[in-house]
Amino acid sequence: MSGDGFVRAGHPELHFPPVVPTVLGLLASATDDLTAVRILDLVGGLALVAAIVAVAHRIGRDDRTTVLAAWLAPTAPGLLVLTKSGGGGSEAPATALVLAAALVAMGPRSHPTGRDGRPPAPGTAAGGRWLARGVGVGALVGVAYLTRPEALLPGLVVGLALVLSARRHARRSASPDAPGRWRAPLLAGLGVVVALAAVAG
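The structure reproduced in this document is the subject of the present report. (Residues numbered from 1 in each chain as written. Predicted model: local features only at pLDDT ≥ 70, side-chain atom pairs only at ≥ 80, totals over all residues. Heavy atoms only, no water.)

1. Regarding helix H8 (residues 183-200)
When the terminal C-alpha atoms of H8 are compared, their 25 Å separation across 18 residues agrees well with the 26 Å that a helix rising 1.5 Å per residue should span. Every buried residue of H8 is listed here: Ala-184, Pro-185, Ala-188, Gly-189, Gly-191, Val-192, Ala-195 and Leu-196. The arc that holds every buried residue of H8, seen down its axis, measures 155 degrees, which confines them to one face. Facing away from the buried surface of H8 by more than 90 degrees, the exposed residues are Leu-186, Val-193 and Ala-198. (Helix = DSSP H or I, 4+ residues; strand = E, 2+ residues; numbered from the N terminus. Expected span 1.5 Å × (residues − 1). Buried < 20%, exposed > 50% of the residue type's maximum accessible area, 1.4 Å probe, protein only. Arc of directions from axis to C-beta.)

2. Notes on the pattern of salt bridges
Following the criterion strictly, the structure yields two salt bridges and no others. The partner of Arg-148 in a salt bridge is Glu-91, with the nearest N and O atoms 3.5 Å apart. Taken as a pair, Arg-148 in the loop between helix H6 (124-147) and helix H7 (152-173) and Glu-91 in helix H5 (residues 91-106) lie far apart in primary sequence, 57 residues in all. Arg-148 gets classed as partly exposed once you look at its relative accessible area, which sits at 27%. In this structure, Glu-150 and Arg-148 form a salt bridge, with 3.7 Å as the shortest nitrogen-oxygen distance. One salt-bridge network, in which partners are shared between bridges, spans Glu-91, Arg-148 and Glu-150. (Salt bridge = Lys/Arg side-chain N within 4 Å of Asp/Glu carboxyl O.)

3. Re the packing of helix H1 (residues 19-30) against helix H2 (residues 33-60)
The interhelical angle for the contact between H1 and H2, taken along N-to-C directions, is 125 degrees, at an axis separation of 8 Å. Relative to H2, the element H1 is oriented oblique. In this structure, H1 meets H2 at a crossing whose hand is right-handed. Every residue of H2 that contacts H1 at Val-20, Val-23, Leu-24, Leu-27 and Ala-28 is listed here: Asp-33, Ala-36, Val-37, Ile-39 and Leu-40. Classifying every residue of the contact of H1 with H2 by side-chain character gives nine nonpolar, no polar and one charged. (Axes fitted to C-alpha atoms, helices over the stretch in contact; angles between N-to-C directions. Parallel < 35°, antiparallel > 145°, perpendicular 65-115°, else oblique. Left-handed = near helix turned anticlockwise from the far one by under 90°. Contact = heavy atoms within 4.5 Å. Nonpolar A, V, L, I, M, F, W, Y, C, P; charged D, E, K, R; others polar.)

4. Some thoughts on the environment of Leu-140
With respect to the helices and strands, Leu-140 occurs in helix H6. Distance in space between the C-alpha atoms of Leu-140 and Leu-196 is 7.9 Å, their sequence separation being 56 residues. Filtering out sequence-adjacent residues up to four positions away, Leu-140 remains in contact with Leu-97, Ala-100, Ala-101 and Val-104.

5. Remarks on the nonpolar core
Formed by 19 residues in total, the largest nonpolar core has its most connected members in Trp-130, Val-137, Val-158 and Leu-162. The element that contributes the greatest number of residues to this core is H5, accounting for six residues. If we ignore the near neighbours within four places in the chain, the residues touching Val-158 are Val-98, Ala-101, Ala-102, Ala-105 and Val-137. (Core = buried A, V, L, I, M, F, W, Y, C linked by side-chain atoms within 4.5 Å.)

6. Focus: a nonpolar patch on the surface
A cluster of nonpolar residues, Val-67, Leu-68, Trp-71 and Leu-72, forms a patch on the protein surface that exposes about 470 Å² of accessible area. Secondary-structure assignment places Trp-71 in helix H3 (residues 63-72). The exposed category is assigned to Trp-71, whose relative accessible area is 65%. (Patch = residues over 30% accessible without salt bridge, like charges linked within 9 Å, V, L, I, M, F, W, Y side chains within 5 Å. Areas by Shrake-Rupley, 256 points an atom, 1.4 Å probe, with all protein chains shown as cover.)

7. Some remarks on unusual backbone geometry
Notably, Arg-61 is not glycine yet its phi reads approximately 60 degrees, a positive angle. Residue position: Arg-61 is located in the loop between H2 and H3.

So this is what it looks like as structure tokens:
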């Protein structure tokens, strides 16, 4: 907790990412070492449960699914108990960040429609929304990577899912030869890459 990060055999261990040591150091400077670890475990666990419930609510679209997730998530041994007893403290917050990125990638439950009932053609406003979602996904995945490097792979899968979703939306909203049909997926991918590089680079 001295601010030097993880130390192994008397020397700094450079393998560990910076988020957890930094947070523990800040908390320990205001409390003590044990309290800092307990606060990190509590906040990380609550964030993970909240992210699971939010994803369940977004996918399930009904209150029963949300309530079931809220009951099961805190009691699942692999989510909180094992990460606290056998983990390094970074598993829960990193997973919560990846799930938050998935929520951003999924976006709102329904897309706006035009007078004909179809999604609006890809334009400046629509492209801006996909770019914003890409930036959000990239930033969250970047912080997850700095929390736990293993979060990068599922985070990239979330980014790819966002690009594919933008491509599917563009194909449904424009004719095959429309000039803007590639704008949404390109902007979504650009947002992911730029934000990820800016945060984790």
